[in-house]
Structure formats: C-alpha cells, structure tokens
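# Architecture and fold: a report
Each chain, written out:
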Amino acid sequence: MYQWRKFEFFEEKYGAKCSIPEVENDDVVDKKIECCSSGRGKVVTGFDDGVVCFFDRGFKFNYAFQPHSSSVLFLQQLKQRNFLVTIGEDEQLTPQQSALCLKVFDLDKMQPEGSSTTSPDCVGILRIFTNQFPKAKITSFLVLEEVPPILLIAIGLDNGSIYCIKGDIARERINRFKLQVENSHLDKTLSAVTGLGFRVDGQSLQLFAVTSGSVSLFSLHDQPPRRQTLDQIGCGLNSVAMSDRSELIIGRPEAVYFYEVDGRGPCWAFEGEKKLLGWFRGYLLCVIADQRTGKHTFNIYDLKNRLIAHSALVKEVSHMLYEWGNIILIMTDKSALCVGEKDMESKLDMLFKKNLYTVAINLVQTQQADAAATAEVLRKYGDHLYSKQDYDEAMAQYIHTIGHLEPSYVIQKFLDAQRIYNLTNYLEKLHEKGLASKDHTTLLLNCYTKLKDVEKLNLFIKSDDSIGELKFDVETAIRVCRAANYHEHAMYVAKKAVRHEWYLKILLEDLGSYEEALEYISSLESSQAGMTIKEYGKILIEHKPVETIQILIRLCTEDVDKRGPSNGVYMSMLPSPVDFLSIFIHHPQSLMDFLERYTDKVKDSPAQVEIHNTLLELYISNELNFPSMSQVNDGGNYLNRVSAKSMISSAQSNGNIADHKNSEQEKDRLKRREKGLHLLKSAWPLGTEHPLYDVDLAIILCEMNAFKDGLLYLYEKMKLYKEVIACYMQAHDHEGLIACCKRLGDSVKGGDPSLWADLLKYFGELGEDCSKEVKEVLTYIERDDILPPIIVLQTLSRNPCLTLSVIKDYIARKLERESKMIEEDRQAIDKYQEDTLAMRKEIQDLRTNARIFQLSKCTACTFTLDLPAVHFMCMHSFHLRCLGDNEKECPECAPEYRSVLEMKRNLEQNSKDQDRFFQQVKSSKDGFSVIAEYFGKGIISKISNGSASGPRSGTVSSTSGF
C-alpha cells in the first residue's frame with residue numbers, strides 16, 4: 001500500500017476550554033455542547049440547556065443568550081448577513097404541537113433584557129413540524145443564503161425525508177416543500193438523512209442528500225424537484241462534507257469518496273472509521289478512530305501532492321469548525337484545538353532542508369503561489385541538480401523560470417562548450433517566449449553555427465510560427481549569420497523582416513549578385529526602391545550602369561507616358577533625378593546618360609533647372625571628371641555653391657587646354673560642347689526673360705573651360721554687348737569683332753551704337769596697323785553720327801601705326817557737312833531776326849498808331865457787315881450776333897493763340913520735370929543740342945522780376961533744378 005509522506009505544514013495555535021457566563025442555579029460542568037458554528041469572526045456554541053455562547057479570536061468569551069428554553073439542537077451562523085439560525089426545544093404548548101422550532105436572530109440588533117445581559121433581536125420564529133409535515137427526529141440541518149432576505153433551509157430527518165423551507169422568514173413569506181430520499185424501507189435507521197450539501201452552479205441549484213445506504217441528488221430548479229440516485233452506499237453522521245469545488249465528500253471505514261452531479265468520482269483509501277470529515281483550503285480533514293487501539297488521529301491530507309500535511313493524536317472530537325484562518329476542533333470534554341497553516345516560506349524551508357524540491361514545486365503550484373515564488377523554488381531545485389552535475393534536468397528547471405529569473409544567471413552556468421546543447425535549449429525557450437535580447441540572439445546563433453546545426457538554424461529562422469513578428473532581434477540575427485557565412489539565412493531574415501537595406505547589403509557586399517539585387521529593387525515599391533538606390537547606387541552604377549539607369553528612369557518617370565508630359569502635379573510626386581546625383585560621384589558619363597534620357601522623356605520636370613545645370617557642367621567641362629563632382633554629397637546642393645576658391649583651383653587644373661593626346665577624348669569633348677551649346681539655346685525659349693538654368697553658373701562654367709561659343713551666346717542673350725565684343729577683342733578677331741558690331745550696334749534693331757565707339761577706342765589703343773578696319777568703323781560712326789570728329793581724332797591719335805590718310809576722307813566729309821549745317825543755321829538766324837523785327841515793328845505800330853478797319857463783310861457769316869459790329873486788332877470783323885458770348889477773342893485767331901499758350905505752359909511745366917530733362921539729354925545723340933533747345937525756348941533762362949535780390953534769386957531758382 002502506498003505510504004503517504006508526513007509533514008508538519010500546520011501548527012497548533014492556541015487551545016482552551018469553552019466557557020460560558022455563570023448562570024444562576026446552573027452547573028457549568030454538567031453542560032453539554034450540542035452544536036457549533038462559525039463565521040464573521042466568531043465561534044458560536046449551543047448547549048443542552050438552550051444557551052448560545054459567542055467566542056472571539058483565541059476563544060475569548062464575548063457574550064451569551066438563551067434562544068430556547070430547553071436545548072439548542074442545531075445552529076448556523078450566516079455569512080452574508082449577521083444572522084444566527086437555530087433549532088431547539090421550547091416549551092410545548094399543546095400535546096399536538098412539537099416543542100421544536102426554528103428561530104432567526106439579527107445579531108446586529110441587541111435588546112437589553114436586564115442590567116447585566118443582552119440578547120439579539122429574534123426576527124423570525126417558525127414551527128418545523130405541522131400537519132402536512134409530520135414530526136420526526138432531525139438528523140441534519142443546513143442553511144443556504146440566496147439573494148437577501150431569501151433563505152433556503154434543509155432539514156434532514158431520520159425517516160429519509162427532507163423538509164425544505166424557502167423565503168423571507170422574518171416576514172413569514174415562506175414556501176415549504178418536502179423531499180423524500182427513500183420511499184419505504186424495512187429498517188428505518190437505514191433511511192435517516194446523515195448529511196446534506198448544497199451545490200450552486202449559475203442558475204442551477206442542487207441538493208446532495210446522504211443516508212447510510214444511498215447518495216441522492218435533488219435538482220431544486222425543477223418543479224417538482226427531480227431526484228437522482230448517485231450511489232447505493234452511504235455513510236453515518238458527521239462523515240459528510242463539501243469541497244470548495246462543490247463536490248460531495250463522504251467517509252466510510254474503507255475509503256473517502258467524492259461525488260459530482262454525474263455520480264461517484266475519485267476515492268482515497270484511508271482505513272479507519274471516519275468520525276469527522278471536513279474540507280479546508282484544498283485540504284481534506286479527517287478524524288479517524290483506530291479500531292484496534294481506540295485512539296483518534298486527526299489527519300490533514302493534501303490530495304494533489306499525496307502527502308499528509310499534519311497528523312496528531314486527539315481526544316474524542318465532537319465538532320469541527322473553520323474560523324480565523326484556522327481549523328478548530330471542539331472536543332467532547334469542551335476543550336478546543338486550533339490548528340493553523342504555516343506560511344509558505346516556512347513550509348518551503350522545511351522541504352529544502354530535506355532536499356525535497358519536487359514536493360516543494362508541487363506545493364507552490366497547487367497552492368497557486370505567485371509566479372515569482374514558484375520560479376525561486378525552481379531555481380533552487382535547478383541549482384541542486386546542477387551541483388549534482390545533472391545538467392539536463394537542471395536546465396529543465398531553469399527553463400521553467402524564464403520570465404522571472406535573470407537569464408544571465410543561467411547562461412553563465414552553461415557557457416562551457418560541453419554544455420552548449422543545454423545552453424542552446426535555454427536560449428531557444430527564451431526566444432519562444434519573446435524575452436530574448438540582442439545578446440541572447442547573438443549567443444543562440446553562435447551556438448547553432450558552432451554546432452553546425454543547419455536544421456535547427458533553419459527551424460529557428462524559417463519556422464512558420466514566426467510569421468509576422470519575429471521572435472528575435474533582426475539586425476543581430478543578420479549580423480551573426482553574415483559573420484558565419486550563412487548568407488542564405490541572413491537574406492531570408494532580412495526579406496521576411498522587410499529590411500531591404502540588409503538584403504541588398506548581403507547581395508552586393510557579400511555575394512556580388514548585382515543582377516539579383518537589381519531585380520529585387522525592381523520588385524519594391526517606388527519609395528522603398530528609391531531609398532535603397534540612394535544607399536547602394538554607387539556599387540550598382542559601378543558594375544551595372546545600364547540596368548541601374550533603367551531602374552532610375554522607371555522610378556523618376558513612372559507612368560509619365562500614360563498621364564501626359566505636362567502633368568506637373570504628378571511629376572512633383574515622383575522622385576527627382578537630383579535626389580540620385582550622389583550615386584554618380586565617380587561615374588559622370590553614366591550621370592550624363594541618365595540625365596539625357598530623363599530630359600528626353602520628361603519636358604516639364606520640377607527640377608529641370610538643377611538638371612540643366614548639371615548637364616551643362618558635364619557638357620562644358622574639358623574633362624568629364626571635373627572637380628566639382630567630387631564634392632557631391634547631398635543630392636545636388638553643390639550646384640548653387642560656386643565659391644571663388646573652387647573657381648581658382650578649377651582654372652588652375654584646367655588652365656592648359658592646348659593639345660589632347662587622345663583624339664577620341666578630343667572628339668568626345670567637341671561633341672559634348674555641341675550638346676552644351678544646344679542646351680544653352682534650347683533651354684532659353686524665345687520671349688522668356690529667364691532661361692531654364694542658372695545663368696551665372698553657365699557663365700562661370702564657360703569662362704572656366706574657355707567655351708567661347710557658349711559665352712558669346714549667353715552675353716548676347718543677356719544684352720551684355722560690351723562683354724561680347726570684349727571676347728572678340730581678347731581673341732584679336734577683328735573680322736568677327738566688326739561683324740558683331742554690325743549686328744549688335746544697329747540702333748534701329750535695338751542695338752547699342754556705343755559699341756562702335758568702344759571698337760574705335762580698341763583700334764586706337766591696338767598699337768598696330770589696322771587702317772582697313774578703322775576706315776570701316778568710321779563709316780558706321782559717320783553714318784549714325786556717334787562721335788564728334790574731335791573725339792575720333794583724339795582716340796586714333798594714340799595708335800602710332802595709323803597715318804592721317806586713314807581719316808582724311810572722314811574729316812573732309814565731316815567738315816563739309818558741318819559747313820553746310822553752319823550755313824543753314826545762319827540763314828535760319830537771319831530769317832528769325834527779320835521776323836522778329838517785323839513783329840516788333842507791328843507791335844509798336846499797334847501801340848502808337850490807329851487801325852483802320854475796312855472790311856465790309858462779316859468774317860463769320862460773310863454777309864454785309866452792319867451795326868452793331870466788333871472789330872479785332874487782327875483785322876477780323878464780326879457781327880455782334882455772330883460772336884455770341886465770346887466777345888474778347890477773335891474766333892479765327894483764338895485756336896492758334898490757345899495752342900501757343902498751351903505750348904508755353906507745357907514748356908514751363910517741363911522745366912520742373914528734371915528727370916525728363918536728363919533723360920532727353922542722355923538718350924540724345926547730341927546732348928548739347930537738347931540744352932540749347934531748352935535755352936532757346938526760354939525754359940531754363942527765365943528769371944523773376946521784383947526786388948533787387950530778385951534777379952539773383954531767380955537765377956538760382958532757374959538753375960537749381962538742373
């Protein structure tokens with residue numbers, strides 16, 4: 001027979017005899033305890049004289065009262081409400097009525113009965129036996145608290161009947177019904193109800209009923225209640241209990257049986273007569289009488305762990321209670337024994353000293369200790385096994401501590417190479433529970449690689465249960481697999497974790513699979529593909545330039561053909577070529593191909609200015625590996641930063657562009673120059689003020705690389721004509737210089753005639769014979785009257801190689817023309833003088849002599865002039881009626897007079913407009929003639945009359961504005 005281990009998990013707390021207050025004319029020693037109950041922090045005892053006593057913790061007497069006059073047979077302290085239900089004998093009023101009655105006391109309401117004693121308020125009294133419920137001996141009693149104030153009371157009788165009372169007893173709203181365990185039986189003792197037990201499962205309410213010969217189950221939620229016989233064996237009194245899982249427990253001499261709603265369950269073979277049976281916190285309590293010795297033993301069984309938690313010899317026990325967290329045994333001699341469970345730490349220490357770690361583990365698990373306490377027990381057990389060199393079993397215990405024990409504690413113990421299998425197992429479990437750090441992942445993968453266990457490595461990395469969130473640190477796994485040359489596994493992790501940068505790094509840096517890398521990039525979304533190309537584009541351009549450019553074109557021009565070339569909003573959403581300039585840092589030829597293909601396909605890119613700037617630098621540079629390309633580090637921002645230092649260094653490095661040894665390079669340079677000039681022209685559409693590139697940058701590039709054609713085009717487009725002819729002067733291209741001036745110096749076509757003056761000055765300072773060119777220049781100067789002859793003579797006199805014969809004809813023609821002009825001016829002066837004299841004479845005549853009007857007809861109507869008539873000094877005569885309201889001005893001469901006055905007012909007004917005066921002087925070929933005209937018209941020579949200071953102040957006023 002299996003022998004259960006015995007432990008002392010319980011200890012005696014305190015013990016004392018029950019005592020009641022002294023009652024007059026009563027002998028305390030002769031009183032017998034009939035019933036006991038506990039609850040709400042008190043122990044209640046009922047005596048055979050009808051007195052009930054209440055005890056506090058430590059069996060300290062609280063108070064007593066007498067609910068019944070004769071004897072208290074049964075009582076129960078309720079848990080939800082502070083009520084006490086008792087059954088006892090009172091005075092028998094009539095022979096037909098039974099002396100037994102049921103009373104309910106409210107212990108929160110105390111009524112004084114005298115000066116020294118108090119008793120609780122009795123809220124209900126009920127006669128148990130009536131005509132419908134005949135009298136019988138009560139063998140068991142049980143109260144179930146339903147929803148307050150409803151009580152369900154079950155009273156078992158010796159005839160196999162159960163009287164049930166349900167309702168509010170205080171208000172006498174009750175319902176009685178009867179249950180019958182056995183219909184008939186020859187031996188009435190066999191049908192006595194020895195035990196009752198309620199089972200509540202949701203809305204289902206059931207009642208276990210035990211007799212000495214059967215176990216029955218009543219379903220009280222059915223109407224009428226349905227009876228079900230669970231077993232044909234029963235038990236005696238005090239051998240029935242209910243477990244905390246609502247299982248019925250009965251004790252028989254051979255064993256203890258458990259019953260559920262469907263019948264008998266497990267049984268435990270404990271020999272001996274079961275005097276008392278109970279259940280406390282998962283422990284089975286038994287008071288067993290030894291038939292041979294007659295001694296009583298109190299055992300506490302831990303059924304889950306198959307051990308005896310406590311065992312002690314006791315006196316004859318009459319009642320068993322549970323209160324204050326203890327087990328209370330009431331003896332027949334009124335003494336009491338309190339047994340309390342030791343704390344978990346004490347129990348574990350006891351087991352650890354005996355090295356009973358398995359028992360300790362089972363104990364903490366069955367008693368639902370917290371996880372930290374369980375882990376501590378497992379750790380100690382693991383340490384114990386480790387000290388015995390049982391590493392496999394020790395690791396099994398350590399694995400159970402994951403989540404509570406620091407992993408480094410276990411890992412340090414198994415770092416030895418001989419224990420690498422155990423360490424691998426532990427690290428795997430760490431990852432399964434998602435508690436592994438980067439270091440743990442590194443260590444586990446290193447274990448796999450050292451063991452060369454590819455199968456486990458595959459299972460760890462490629463297992464189906466890791467779909468979605470990976471149970472390890474991705475970067476660590478990739479790094480370790482790469483270091484161990486497990487590139488396939490590293491790529492699998494990178495792809496599964498959507499770490500495109502790691503996947504490509506392995507393909508490009510470790511495997512050199514450039515084509516596969518390009519295929520992978522092509523399969524990505526546009527944004528992800530763009531990011532990966534920015535990071536790894538340099539390697540791809542170096543090894544697969546054509547394919548990489550195709551991918552870039554697809555990214556930057558996605559669906560542009562379908563949406564149309566003018567959809568600027570959509571183009572702004574696509575990646576810009578400028579973002580990828582940095583990957584071409586050492587491959588300018590590929591950059592040029594990429595940008596050319598892009599500009600051929602996209603005509604309205606938001607970044608076309610930056611693109612054209614880059615293309616111009618590629619086209620115009622003497623050598624394709626120009627210095628500024630080495631400074632590309634942020635996607636093209638360098639385009640707007642051209643410092644003086646870089647210009648000087650570039651000019652020094654590219655200063656000598658004389659001979660190119662390689663003819664192919666020279667052809668390439670010329671071809672690029674043609675493309676550059678074409679781009680300069682095509683990117684500056686007609687009618688637009690600004691081109692689609694940076695003009696300043698273009699000029700600097702042309703100057704740095706001596707690109708004359710491009711420089712001349714830019715200067716001419718910007719109307720910097722003097723810079724254009726300066727280029728020809730610097731090159732001593734006299735023929736081109738004169739042709740340029742013919743094209744750009746024609747004022748009729750919007751040119752600048754002053755270019756001829758600059759050209760004449762250039763030949764005057766040339767220091768060599770240029771007679772032919774000078775004569776041609778003088779022709780245009782003479783035609784447009786650009787310079788006076790004196791300036792021409794002074795300018796050409798500086799060239800010692802020129803003779804007077806060069807300008808002889810020019811001077812002669814100028815002198816002849818000026819002579820004619822002088823003669824014409826003299827004739828005009830004479831005419832004006834004669835007119836002036838005639839006017840003065842006429843004015844004098846008007847002032848001194850009378851006028852004779854001889855007109856006979858009206859000037860207005862041409863009819864014969866009659867009175868009244870009006871004669872004007874201009875010799876016009878009118879009828880008075882023909883003049884109308886205007887009698888002061890001649891209608892014929894007034895318009896001309898008014899125009900003269902208006903002209904005079906305008907001239908006076910213009911004299912105050914200084915800006916207009918200077919503008920006319922500046923724009924005129926002969927500024928002196930404009931000033932002379934102003935003086936001639938009397939605009940700036942007018943002075944005010946007045947005081948002595950008037951002329952002086954008038955003179956200042958007239959000249960201050962100019």
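Definitions and limits used
All chains use their own residue numbering, which begins from 1 and follows the written sequence. With pLDDT at 70 or above as the cut-off, local features in this predicted model cover only qualifying residues; side-chain atom pairs require 80 or more to be listed or tallied, and sums for whole chains, interfaces and linings still use all residues. For the side-chain quantities, the full set of heavy atoms in the structure was used; hydrogens and water were omitted. UniProt positions are given in the numbering used here, feature names are shortened, and annotations may be inferred rather than shown by experiment. Strands here mean DSSP runs of E at least two residues long; helices mean DSSP runs of H or I at least four residues long; both are numbered from the N terminus. Buried Ala, Val, Leu, Ile, Met, Phe, Trp, Tyr and Cys residues form a nonpolar core when they are joined through side-chain atoms within 4.5 Å. The rule is simple: take the accessible area with a 1.4 Å probe, protein chains only, and divide by the maximum for that residue type; under 20% is buried, over 50% is exposed, in between is partly exposed. The contact criterion used is simple: two residues touch if any of their non-hydrogen atoms lie within 4.5 Å. Whenever a nitrogen or oxygen atom comes within 3.5 Å of another N or O atom, the pair is scored as a polar contact, on the condition that within protein one atom can donate a hydrogen and the other can accept it, and that pairs from neighbouring residues in sequence are kept only if both atoms are in side chains. The arc in question is formed by the directions pointing from the helix axis toward the C-beta atoms. Here, any two strands with at least 2 DSSP bridges between them count as paired. To get an axis, a line is fitted to the C-alpha atoms, and for a helix only the part in contact is used. The angle between two axes follows their N-to-C directions and goes from 0 to 180 degrees.

Under the feature "coiled-coil region" (unreviewed entry), the UniProt entry names residues 815-849. Note that residues 815-849 is 97% helix and 0% strand, and that its end C-alpha atoms are spaced 50 Å apart.

Moving on to the nonpolar core. Residues Phe 298 and Tyr 693 are the most contacted members of the largest nonpolar core, which totals 161 residues. Of the residues forming this core, the biggest block, seven residues, is contributed by helix 25 (residues 754-764). Those residues in contact with Tyr 693 that lie beyond four places of it in its chain are Val 609, His 612, Asn 613, Leu 616, Leu 679, Leu 680, Ala 683, Trp 684, Ala 698, Tyr 713 and Leu 714.

Turning next to the side chain of Gln 77. Mapped onto the elements, Gln 77 comes out in strand 7 (residues 71-77). With a relative accessible area of 2%, Gln 77 lands in the buried category. Here the side chain of Gln 77 touches Phe 83 through a polar contact of 3.3 Å, landing on its backbone oxygen. When near neighbours in sequence (up to four residues on either side) are disregarded, Gln 77 contacts Ser 37, Ser 38, Gly 39, Arg 40, Val 44, Phe 54, Asn 82, Phe 83, Leu 84 and Leu 107.

As a further point, take helix 8 (residues 454-462). All buried positions along helix 8 are accounted for by Leu 457, Phe 460 and Ile 461. Projected down its long axis, helix 8 carries its buried residues within an arc of 85°, all on one side. Facing away from the buried side of helix 8, by more than 90 degrees, are the exposed residues Glu 455 and Leu 459. On its buried face, helix 8 sits against helix 6 (420-432), helix 7 (438-451), helix 9 (474-483) and helix 10 (487-496).

Turning next to the sheet that holds strand 18 (residues 226-231). With antiparallel pairing, the four strands of this open sheet are ordered in space as 15-16-17-18. The open sheet is flanked by strand 15 (193-201) and strand 18, the only strands paired with a single partner. Each adjacent strand pair in this sheet contributes to an overall mean axis angle of 20°, direction not counted. Direction of pairing for strand 17 (residues 215-219) relative to strand 18: antiparallel, over a ladder of five bridges. Directly across from Ser 219, in strand 18, lies its bridge partner Arg 226.

On the basis of which strands lie adjacent, the open sheet formed by four strands has the order 3-4-5-6 and antiparallel pairing. Strands with a single pairing partner mark the edges of an open sheet, and in this sheet they are strand 3 (33-39) and strand 6 (60-65). For this sheet the average axis-to-axis angle between neighbouring strands, irrespective of direction, equals 20°. Sheet analysis places strand 5 (residues 52-56) next to strand 6, joined by five bridges and oriented antiparallel. Bridged to Asp 56 within strand 6 is Lys 60.

Glancing now at unusual backbone geometry. Residue Pro 224 is reached from Gln 223 by a cis peptide bond, and omega for that bond is -5°. Turning to its location among the elements, Pro 224 is positioned in the loop between strand 17 and strand 18. Pro 868 follows Leu 867 through a cis peptide bond whose omega is -5°. If you trace the backbone, Pro 868 turns up in the loop between helix 28 (805-848) and strand 30 (869-871). The backbone phi angle of Lys 719 is positive, close to 60°, even though this residue is not glycine.

Its place among the elements puts Leu 205 in strand 16 (residues 204-211). In the structure, Leu 205 is positioned 13 residues away from Phe 218 in sequence and 8.7 Å away in space, judged by C-alpha atoms. Filtering out sequence-adjacent residues up to four positions away, Leu 205 remains in contact with Leu 144, Glu 146, Leu 152, Phe 198, Arg 199, Val 200, Phe 218, Ser 219, Leu 220 and His 221.

In terms of burial, strand 16 is largely enclosed, as eight of its eight residues are buried. Residues Ser 204, Gln 206, Phe 208 and Val 210 of strand 16 are buried on one face, and the alternating residues Leu 205, Leu 207, Ala 209 and Thr 211, pointing to the opposite face, are buried as well. Sheet topology places strand 15 next to strand 16; eight bridges connect them, and they run antiparallel. Note that in strand 16 the partner of Arg 199 across the bridge is Gln 206. Taking the residues between adjacent antiparallel strands as the criterion, strand 15 and strand 16 are bridged by two residues, where Gly 202 takes a positive phi near 70°. Counted between consecutive antiparallel strands, the loop separating strand 16 from strand 17 contains three residues.

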